[in-house]
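# Reading the structure
Listed below, chain by chain, are the residues.
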Amino acid sequence: MGSAIGLREDFDGAALRRLSRTTKSANQARRLLALAEIYDGGSRSAAARIGGVGLQIVRDWVIRFNARGPDGLLDGKAPGPRSRLNDTQRKALVDVVERGPVPAIHGVVPWRLIDLARWLYDEFAVSLDETTISRELKKLGYVKLTARPRHHAQNEHAMEAFKKGASLPSWQRSKPSSRRVRP
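The structure reproduced in this document is the subject of the present report. Worth saying up front: this structure is predicted, and the values here are computed from it rather than measured.

## Quick look at the packing of aromatic side chains
Aromatic ring pairs are reported here in terms of the distance separating the ring centres and the angle at which the planes meet. Within the structure shown, the criterion is met by 3 aromatic pairs. With 6.4 Å between their ring centres and 80° between their planes, Y39 and F65 make a pair best called edge-to-face. With a gap of 26 residues between them, Y39 in helix α2 (residues 26–39) and F65 in helix α4 (residues 55–68) connect regions that are remote in the sequence. We classify F65 as buried; its relative accessible area is 0%.

This is how it looks when you write it as structure tokens:
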């Protein structure tokens, strides 16, 4: 059976308890309290009970704490999958978006995400969906612009008259009722 991994010398149990009171992360506070138990001479099993985890997790916390200090006990964001586009493909995507489509060649007037997906597949054999292409373009600094919809029968003159107040209703007090009241 191997020996336990030692903790850093620059902290002690009291310092970790103080840090656990000031942190805003509940998970980091729980991990700090578990490691404080080890600093105070408690067993790793007791630390695992305090942290609500198994011994292997406590070992992982000790390794992270020794490497990066208390910040190593914060929850990290998962990196997620790597991008399917490399830098050359991104540059080509930027170039084709900047130039715009040629209707005779590309068969479209404005670029749509589905058209860019088809172009990427034809050029580089990379299959991406529209959401991923939208995300990539957003990372490259592009935003989706759409024209404001307009009704086909919209009357410009009627809009101007409405804005000027010509078509606003004129409110008047109604006349008293002509019914007689019975005694």
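## Notes on unusual backbone geometry
Glycine aside, a negative phi is what most residues show, and trans is what most peptide bonds show. The backbone of A125 sits at a positive phi, close to 60°, despite the residue not being glycine. Tracing the chain through its elements places A125 in the loop between α7 (113–124) and α8 (130–139). Taking relative accessible area as the criterion, A125 reaches 59% and is therefore assigned exposed.

## What to know about the layout of surface pockets
In this structure, the largest pocket spans a volume of roughly 430 Å³. Along the wall of the largest pocket there are 16 residues; nearest its centre are L113, L137, V143, K144 and L145. Looking at the lining of the largest pocket, the elements with two or more residues in it are α7 and α8. When residues in the lining of the largest pocket are grouped by element, the largest group, 4 residues, is from α8.

How each quantity is defined
Residues numbered from 1 in each chain as written. Predicted model: local features only at pLDDT ≥ 70, side-chain atom pairs only at ≥ 80, totals over all residues. Heavy atoms only, no water. Phe/Tyr/Trp six-rings, centres within 6.5 Å; stacked < 30°, edge-to-face > 60°. Helix = DSSP H or I, 4+ residues; strand = E, 2+ residues; numbered from the N terminus. Buried < 20%, exposed > 50% of the residue type's maximum accessible area, 1.4 Å probe, protein only. 1 Å grid on protein atoms, 1.4 Å probe; cavity = no way out; pocket = protein on both sides within 12 Å on 5 of 7 lines; lining within 4 Å. Points joined across faces, edges and corners; volume = space filled by probe spheres on them.

In short, shape yes, function no, at least from these values alone.
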